[in-house]
Amino acid sequence: MAGKPGTTPTTYSPSPTTQKTRRPIFNENDVDWVRPDGRGFHQCRPAFFRTGAVNAASGSAYAEFGNTKVIVSVFGPRESKKAMMYSDIGRLNCSVSYTTFATPVRGQGSEHKDFSSMLHKSLEGAIILETFPKTTVDVFALVLESGGSDLPVVISCASLALADAGILMHDLVASVSLSCLGKNLVIDPILEEESYQDGALLITCMPSRYEVTQLTVTGEWSTPKINEGMQLCLDACSKLAKIMRSCLKEATSTSQE
Amino acid sequence: MVGLSLGEKHFIQGGIAQDIRSDGRKRLTYRPINVETGVIPQANGSARIRMGATDVISTVKAELGKPISLQPDKGKVSIYVDCSPTAAPMFEGRGGEELSTELSVALQRSLLGGKSGAGAGIDLSSLVVVEGKICWDLYIDCLVVCSDGNLLDALGAAIKAALSNTGIPRVQVAAGASGDEQPEVDISDEEFLQFDTSDIPVIVTLTKVGRHYIVDATTEEESQMSSAISISVNRKGHICGLNKRGGAGLDPSIVLDMISVAKHVSEQLMNKLDSEIAAAEAGEDES
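Residues numbered from 1 in each chain as written. Chains lettered and ligands numbered in written order. Predicted model: local features only at pLDDT ≥ 70, side-chain atom pairs only at ≥ 80, totals over all residues.

- The name recorded for chain B in an unreviewed UniProt entry is Ribosomal RNA-processing protein 42, from Quercus suber.
- Quoted straight from UniProt, the Sequence similarities (unreviewed entry) entry for chain B says "Belongs to the RNase PH family." (UniProt positions renumbered as here; feature names shortened; annotations may be inferred.)

- As recorded in an unreviewed UniProt entry, chain A goes by Exosome complex component rrp41-like and comes from Quercus suber.

What follows is the structure, encoded as C-alpha cells:
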C-alpha cells in the first residue's frame, strides 16, 4: 500500500491491546502523562490521503491515519433496482466492513453494525441527491486495519472518494473524534486510548459551510466540556478538510500532465 | 412513509411556527404519558409506556454469568430493540432491522456510558456477586408495539420504568470454594433486591421543523423534520449521550442551543416520569 512510512515498520509491532493485564496508560492525578504515541492531547495523527485506489470504481480513496487504514470505493450512479419505488432524488447506499485481520482479535470488526448507517447519515446531508434522480450511488468502505478512530477516518475518506467519483456535493465532509480520559480531552484517539475512554464525542461537518452533519456523544459530559470538545473537533475538521482538498488538487494536476 | 398532501405539510409546518401543533400542543409539550409496570410476569421487571399512539414494552431479565476478564468487577448489560412488523408494514425485513439496530445503539450509547463504564446510568459494579467469578447479566429487551413517532424517548422511559420494577433475587454464595473453583450459589426466590434507578437518564428528542424545534413529534411531524437530536440528561443535568438523526447540517451554535433547551425540558420530564412510575408501582402493589 502506498504511503507507508518507510522508517518504522509499525504494522509489525504487536498490538498493545492484546495484553491481558490492565496497564494504566494514564494516572488521574498526573497532569503530564504522555499519550502512547507521544502526541500532545490536542494533536491529530498525520493524515495521508490518496484518490484513485481502485481502478474499477467510479471513484475511490485510501486513507491512512497512523495505524488506521481504510479504503473506500464509490460505484454509480447506477439505475436503482426495479423493486425500488420511484424517487425523484437519488439514493445513497452505504456499507462499512472490516477485514477479518483488521482487529487485534480476529473477526472483531463485526461488532460495528451501526457504522453503515452512521456513514449514511453523515454523508446524505452533503450530497446533492437531486442531481441523480432514479439512480443509486454505492459507497463501500473497507477497514484494512483498525487503529482507533475508525469511523471518522472512514467518513472523511468516503467523502473524498465521492468527490473523486464526481458526485456533486455541497462541501467535503470531514470527521474527527475525541476521547475523554479522566479530566483530559484527547483528540483523534488510538485503539488503546479508545478502550480506556470515559466518554467519546464524534463530529462530522462540512467545514466551509460550518454545518454539523452528524454528532454523537457517549459518557457523562457537562455543558462547558461539550462546548470545548465540539470546538476542538470543529477546528480539527477544518484543518483536515484542507489536507483533503490539497489531495484532490494534487490528483487532478498530476492527471493533466 | 407518510403520505401527506402539500396542504397538510404546510398546515403542520405553519402550526409549529405559530407554537400550536395539529393536536393542540405547544412546541415543548409532551403527549400524556401512560406507564404500566409488571406487564410481563416472566421477566424480572417490565413496563409498558404509551404516549399517544406510540406504544412500547420493555423487559428486564437477569441471568447469572461470568464477568469478562478485563473488567472482573463489573456485570454486563445489553439492550436490544425489536421493531416487529405488526407495528407497521415498513418494519418488515431490512427496514425494521435497520431501525432496530439504530435504536439499540442509540440506547446503549445513552444509558451505558463510556467504554470504561464512567457516566453509566446503570451501576455495573452493583451487579457483581463474586468478583471475577459471578455477576448478573441484565438483558433489556424492548418491543415496539405501535409506532407514532418519538420512539427513542418512549423506549428510554420504558427502560427506566422497567428497571424500577426489577427485582434481582438475593444470592447466597456457599463459603469454602477457593482458588479457581466456581463457587456454588443459592438463588433466593423470596428475597429480591430493588434496583437504584435514580441515576438513569431520560432521553429528550428535539425535532427541528423549519426554524423551530419540537419535543415528542408524531410520525407526521417527523416526516417534515430536517434533523433531530436526541439528548439524554441525568438528574445532575449532565449530558450522558447524544445522537443526531436526519441528514441536514446544523450550525454548531444551534446544536448548543438545542442542548440547553433539552436540559430544561428534561427536568420536567424526569419529574413527571418519576411520579408516573411511582403511581404505577403503587397501583401494582395494591392489586
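Next comes the rest of the write-up.
1. With respect to the environment of Ser46(B)
All names here are of chain B.
Piece 1. Here Ser46 shows up in strand E2 (residues 45-51).
Piece 2. The spatial distance from the C-alpha of Ser46 to the C-alpha of Ile159 is 8.1 Å, given a sequence separation of 113 residues.
Piece 3. Apart from residues lying up to four places away in sequence, Ser46 is in contact with Thr37, Gly38, Val39, Ile40, Ile57, Ser58, Thr59, Val60, Ala162 and Asn165. (Helix = DSSP H or I, 4+ residues; strand = E, 2+ residues; numbered from the N terminus. Contact = placed C-beta atoms within 7 Å.)

2. Re the UniProt feature "domain: Exoribonuclease phosphorolytic" (unreviewed entry) in chain B
Piece 1. Here the UniProt-annotated "domain: Exoribonuclease phosphorolytic" (unreviewed entry) positions come out as residues 30-169 and 199-263 of chain B.
Piece 2. Taken end to end, residues 199-263 of chain B has its terminal C-alpha atoms 15 Å apart, with 25% of it in helix and 40% in strand.

3. A closer look at the interface of chain A and chain B
In many analyses, interface size is given as the accessible surface area lost on bringing the parts together.
Piece 1. Each partner contributes to the interface: chain A provides 35 residues, whereas chain B provides 30 residues.
Piece 2. With 11 residues, the single largest contributor to the side of chain A that touches chain B is strand E9 (residues 211-221) of chain A.
Piece 3. When its residues are assigned to classes, the side of chain A that touches chain B shows 11 nonpolar, 13 polar and 11 charged.
Piece 4. Pairing of E9(A) with strand E12 (residues 239-245) of chain B involves three bridges; the strand directions are antiparallel. Among the inter-strand pairings, Trp221(A) is bridged to a residue of E12(B), identified as Ile239(B). (Nonpolar A, V, L, I, M, F, W, Y, C, P; charged D, E, K, R; others polar. Pairing = 2+ DSSP bridges.)

4. Quick notes on the UniProt feature "domain: Exoribonuclease phosphorolytic" (unreviewed entry) in chain A
Piece 1. Sequence positions flagged by UniProt for "domain: Exoribonuclease phosphorolytic" (unreviewed entry) are, in local numbering, residues 43-167 and 171-232 of chain A.
Piece 2. Its end C-alpha atoms 20 Å apart, residues 171-232 of chain A is made of 26% helix and 50% strand.

5. Topic: the nonpolar core
Piece 1. Core analysis: the largest hydrophobic core is formed by 148 residues, its most contacted members being Val72(A), Leu119(A), Val139(A), Val154(A), Ala158(A), Leu155(B) and Ala158(B).
Piece 2. Every residue in contact with Ala158(B), bar those within four places of it in the chain, is listed here: Ala47(B), Ile49(B), Val56(B), Ile57(B), Ser58(B) and Cys142(B). (Core = buried A, V, L, I, M, F, W, Y, C linked by C-beta atoms within 7 Å. Buried ≥ 20, exposed ≤ 12 C-beta atoms within 10 Å, placed from the backbone.)

6. A short note on helix H4 (residues 223-256) of chain A
Piece 1. Between its first and last C-alpha, H4(A) extends 49 Å over 34 residues, near the 50 Å set by a 1.5 Å rise per residue.
Piece 2. Among all positions of H4(A), only Ile226(A), Gly229(A), Met230(A), Cys233(A), Ala236(A), Cys237(A), Leu240(A), Ala241(A) and Met244(A) are buried. (Expected span 1.5 Å × (residues − 1).)

7. Some points on the pairing of strand E9 (residues 202-209) of chain B
Regular strands show a simple pattern: their side chains alternate between the two faces of the sheet.
Residues and elements named next belong to chain B.
Piece 1. Counting buried positions along E9 gives eight out of eight residues, so the element sits mostly inside the fold.
Piece 2. Where burial is concerned, the two faces of E9 agree: the one with Val202, Val204, Leu206 and Lys208 and the one with Ile203, Thr205, Thr207 and Val209 are both buried.
Piece 3. The pairing of E9 with strand E11 (residues 227-233) spans seven bridges and is antiparallel. The residue bridging Thr205 from the neighbouring strand is Ser230, located in E11.
Piece 4. Counting the residues that bridge the hairpin from E9 to strand E10 (residues 212-215) gives two residues, and of these Gly210 lies at a positive phi of roughly 65 degrees.

8. A closer look at the packing of helix H2 (residues 150-164) of chain A against H4(A)
Residue and element names in this part refer to chain A.
Piece 1. In contact at an axis separation of 11 Å, H2 and H4 are set at 30 degrees when each is read in the N-to-C sense. Judged by the inter-axis angle, H2 sits roughly parallel to H4. In this structure, H2 meets H4 at a crossing whose hand is right-handed. Residues Ser156, Leu160 and Ala163 of H2 touch H4, and the partners they reach there are Leu240, Met244, Cys247 and Leu248. (Axes fitted to C-alpha atoms, helices over the stretch in contact; angles between N-to-C directions. Parallel < 35°, antiparallel > 145°, perpendicular 65-115°, else oblique. Left-handed = near helix turned anticlockwise from the far one by under 90°.)

9. Concerning the confidence of the model for chain A
Piece 1. Taken residue by residue, chain A gives an average pLDDT of 83. The fraction at 70 or more is 86%.
Piece 2. Segment residues 1-23 of chain A: pLDDT under 50, and 15 contacts once partners within four positions in sequence are set aside and those in other chains are kept. (pLDDT = per-residue confidence, 0-100.)

10. A few points about the sheet that holds strand E7 (residues 184-187) of chain A
Piece 1. Strand order across the open sheet formed by eight strands is E7(A)-E6(A)-E8(A)-E9(A)-E12(B)-E11(B)-E9(B)-E10(B), with antiparallel pairing between neighbours. Looking at strand neighbours, the two that pair on one side only are E7 of chain A together with E10 of chain B, the edges of this open sheet. Pairs of neighbouring strands in the sheet enclose a mean axial angle of 20 degrees, with direction left out of account.
Piece 2. Sheet analysis places strand E6 (residues 174-181) of chain A next to E7(A), joined by four bridges and oriented antiparallel.

11. A closer look at the sheet that holds strand E3 (residues 68-79) of chain A
Residue and element names in this part refer to chain A.
Piece 1. Taken in spatial order, the five strands of this open sheet run E1-E2-E3-E5-E4, and their pairing is mixed. Edge positions in the open sheet fall to strand E1 (47-51) and strand E4 (91-98), since each of these has one partner strand only. Averaged over all adjacent pairs, the angle separating strand axes in this sheet is 15 degrees, with direction ignored.
Piece 2. As judged from the seven bridges shared by strand E2 (residues 59-65) and E3, these two strands associate in the antiparallel manner. Bridge pairing links Ala61 to Val72 in E3.
Piece 3. Packing of H2 onto the sheet brings it into contact with E1, E2, E3, E4 and strand E5 (135-145), and relative to E2 it is tilted by some 150 degrees.

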